[in-house]
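A structural walkthrough
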Amino acid sequence: MESSDDDSGPSNGNQNSDENDSSSDSDINVGENSGDSFSSDTDSDDVGVGDTQSSLGTYSSETSDPEEEEFWSTNLTSVSIAAFEEETGPNHDLSPTDSVLQYFFLMISDDFFDLLAVETNRYADQVFARKGRRDSDWSPTNKREVQAYFGLHIFMGIHKLPSIDMYWSQNRFVGIPGFKDTMPRCRFQKLTQFLHMSNNEDHVPTGTSGHDRLFKIRPLIDLTRKNFQRYNRPGKCQSIDEGMIRYKGNYFAKQYTPCKPIKRGLKVWMRCEPNGYTHDYRIYLGKHDDMKGQTLGERVVKHLCKPLKWKGHHVFFDRFFTSIPLLQNLENNGIYACGTIMSNRRGFPADLKNPSFTGRGDAEQRQHENLVATAWKDAKPVHIVSTTSDPLGDGPTYRRVPGGGHVLIQRPPAVAHYQENYYGVDRAMQYRAKCPVGRQSRKYWKYFMNFILEVSIVNAFLLWKTTSGVVIPRKHYSLCDFCVDVAELLIGDYRSKKKERYPLAGTVTAAGVASHHSVKLTDMPRRQCKWCSKQGRRRDVTYGCDKCLVHLCQGACFQAYHQNALLNTS
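A brief structural summary. (Residues numbered from 1 in each chain as written. Predicted model: local features only at pLDDT ≥ 70, side-chain atom pairs only at ≥ 80, totals over all residues. Heavy atoms only, no water.)

**Comments concerning a positive patch on the surface**
- Taken together, the side chains of Arg246, Lys248, Lys254, Lys263 and Arg264 present a region of like positive charge at the surface.
- Among the secondary structure elements, Lys248 is positioned in the loop between strand E7 (237-246) and strand E8 (255-256).
- Using a relative accessible area of 68% as the deciding quantity, one classes Lys248 as exposed. (Patch = residues over 30% accessible without salt bridge, like charges linked within 9 Å, V, L, I, M, F, W, Y side chains within 5 Å. Areas by Shrake-Rupley, 256 points an atom, 1.4 Å probe, with all protein chains shown as cover. Salt bridge = Lys/Arg side-chain N within 4 Å of Asp/Glu carboxyl O. Lys, Arg positive; Asp, Glu negative; His and termini not counted. Charge placed at Lys NZ, Arg CZ, Asp CG, Glu CD. Helix = DSSP H or I, 4+ residues; strand = E, 2+ residues; numbered from the N terminus. Buried < 20%, exposed > 50% of the residue type's maximum accessible area, 1.4 Å probe, protein only.)

Pasting the structure below:
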């Protein structure tokens, strides 16, 4: 049974400032509680008044009001988009022949397991001090055992059984030999009970300055957000969307979305490559988020796009995030964007809200400088605003029609660009679903921990595949194969032998039985009477023999147990 613990803790404080956006480690901002103004040199959400010089050119931060009568024009011209010249792809020193575990350690470093061992031992001592006695089944853990524990934790997501006990079942059709060889079931459960990665004594109470609602997993969040960005430089196109973690317990930020595949769960905002690699994420905390911005969607996009400023990236998101002022603000900070938009959003051209289309593939567009608004007729009308594409140059695409055939229709560049690049977060979620990690828990923070582990494995797999010179071990080597290899290497040759609970009782002789006394076993937890259990009865007691160190009822059971021992030795 897991021991209860606090659900929150203190903030680790602001991390590195984003005053410049080079790829050095110190410039990667991972602080959840740092200020979320999009501009690095002002507290305003927009850049200061006047022109801002960047490697992409000069932009005026004085944006026009999209609700002005003359804002949108029907005169369509080519947009001015700076060439993307940033370096992209893997940025590490590993060789193509290094093991897949070394690539996993790029995401979650080897030293992190040292921290887990230290904090797990610390938390166990804190629990024992609070209870006033130690658990005789617990012994301090170490880094090697914690790595083996997480290897089994990963395998439990791949090989699901109804209960944890079944992994150690003696039934040859149910039990898994690898689990039995690695560590006893009792030891696995004790590690699960006391697993920790932060010191509860550093907890800052709710309502006080410095309180952090993600204190329990703060070290893992800060480590992974930094490593995700450090070892893989982002490509030109990025997508931003929400990811969901299935969860039905009690947590203040739990979401209910009846129209989504995961109806109840925890929400995480993510920025991903089209191939599914996650560069950054932020856990949704509801009203307790301290990001700045007019709307939630605007706040999320600005926060996740901070490392992309002045680099010419193209960012894609759906209508939950999109607004005209947001695209203007992003362009003023050297980021191009494209997203579907609700037609009733402020500033969207009034004549594109309900256009008169004659057939599928028809489109109407309006333009203001680089900002292009598009209404396109597919099965339903689609509304998109973009600073990434020319309004001119429609291309062909195919759509199915009743009867199994296909029809060729025209598609505006903004629509094509969006449909080719918006799905990065969806792909990351698909990868997660293929190889889930861990099992259900009563502690909310372990769901976040499992999510981060899953994303780390996916990122390590994609980084490994895109590293030049890597040889795929065999045909059709999948993410699941990679996950199995990582778990196997984490366990390695570790073997934890079953620990004897008590010292073996000495031989009871007629001459020595007088020295055996019935006493209260204060250093041991309450357990079943040994003699009652042998007779088919159950009775939990705190008394027992001071020599044999077994629990026995006072009186009859104590006498019967020792009489039986005398008979067996005579």
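**Focus: the side chain of Asn232**
- As for its position among the elements, Asn232 is in strand E6 (residues 232-233).
- Those residues in contact with Asn232, other than ones at most four positions away along the chain, are Gly89, Pro90, Asn91, Tyr277, His279 and Leu463. (Contact = heavy atoms within 4.5 Å.)

**Structural notes on the pairing of strand E13 (residues 363-368)**
- Both E13 and strand E14 (residues 371-377) contribute to a ladder of six bridges, which runs antiparallel. When the sheet's bridge partners are listed, Gln367 is paired in E14 with Val372.
- In this antiparallel pair of consecutive strands, E13 and E14, the connection spans two residues, and Glu369 shows a positive phi of 55°. (Pairing = 2+ DSSP bridges.)

**Some points on the packing of aromatic side chains**
- The full count for this structure, using the stated rule, is 33 aromatic pairs.
- Centroid distance Phe104 to Phe105: 6.2 Å. Interplanar angle 45°. Geometry classified as tilted. For the pair formed by Phe104 and Phe105, the shared burial category is buried.
- Taken together, the ring pairs in this structure connect Phe104, Phe105, Phe112, Phe113, Tyr149, Phe150, Tyr167, Trp168, Phe179 and Phe188 into an aromatic cluster.
- The ring centre of Trp138 lies 4.7 Å from the NZ or CZ of Arg187, which sits over that ring.
- Seen from the ring of Tyr284, Lys267 lies directly overhead, with NZ or CZ sitting 5.5 Å from the centre. (Phe/Tyr/Trp six-rings, centres within 6.5 Å; stacked < 30°, edge-to-face > 60°. Lys NZ or Arg CZ within 6 Å of the ring centre and 35° of its normal.)

**Considerations on the packing of helix H11 (residues 444-466) against helix H12 (residues 479-491)**
- One can describe the packing of H11 onto H12 by two numbers: an axis separation of 10 Å at closest approach and a directional angle of 110°. The pairing of H11 with H12 is recorded here as roughly perpendicular in orientation. Taken together, the residues of H12 that come into contact with H11 (itself represented by Ile457, Val458, Ala460, Phe461 and Trp464) are Leu479, Phe482 and Cys483.
- Looking at the contact of H11 with H12 residue by residue, the class counts come to eight nonpolar, no polar and no charged. (Axes fitted to C-alpha atoms, helices over the stretch in contact; angles between N-to-C directions. Parallel < 35°, antiparallel > 145°, perpendicular 65-115°, else oblique. Nonpolar A, V, L, I, M, F, W, Y, C, P; charged D, E, K, R; others polar.)

**Looking at the pairing of E7**
- Taken across its ten residues, E7 has nine buried, putting it largely inside the fold.
- When E7 meets strand E11 (residues 314-317), the two strands line up parallel, connected through three bridges. Opposite Cys237, over in E11, you have His314 as the bridge partner.
- Bridge analysis of E7 against strand E9 (residues 264-272) gives eight bridges, and the strand direction is antiparallel. Looking across to E9, one finds that Asp241 is bridged to Met270.

**So, the state of the cysteines**
- Summed over the entire model, instances satisfying the criterion amount to zero disulfides.
- With no disulfide of its own, Cys435 has Cys480 as its nearest cysteine by sulfur position, at a separation of 3.7 Å.
- There is no disulfide at Cys557, and the cysteine sulfur nearest it, in Cys532, is 3.6 Å away. (Disulfide = S-S within 2.5 Å.)

**Describing the environment of His417**
- Assignment of secondary structure puts His417 in helix H9 (residues 413-421).
- Judged by its relative accessible area of 15%, His417 falls in the buried class.
- When the C-alpha atoms of His417 and Ser389 are compared, they prove to be 7.4 Å apart, with 28 residues separating the residues in sequence.
- Setting aside its immediate chain neighbours within four residues, His417 contacts Cys237, His314, Phe316, Thr388 and Ser389.

**Overview of the nonpolar core**
- Ranked by size, the top nonpolar core spans 87 residues in total, and within it Phe104, Phe150, Tyr251, Met270, Phe448 and Phe482 carry the most contacts.
- With 16 residues, H11 is the single largest residue contributor to this core.
- The residues contacting Tyr251, other than those within four sequence positions of it, are Arg213, Leu214, Leu266, Leu285, Tyr444 and Phe448.
- Counting residues in hydrophobic clusters, the runner-up holds 28 residues, among them Val315, Phe317, Ile324 and Leu371. (Core = buried A, V, L, I, M, F, W, Y, C linked by side-chain atoms within 4.5 Å.)

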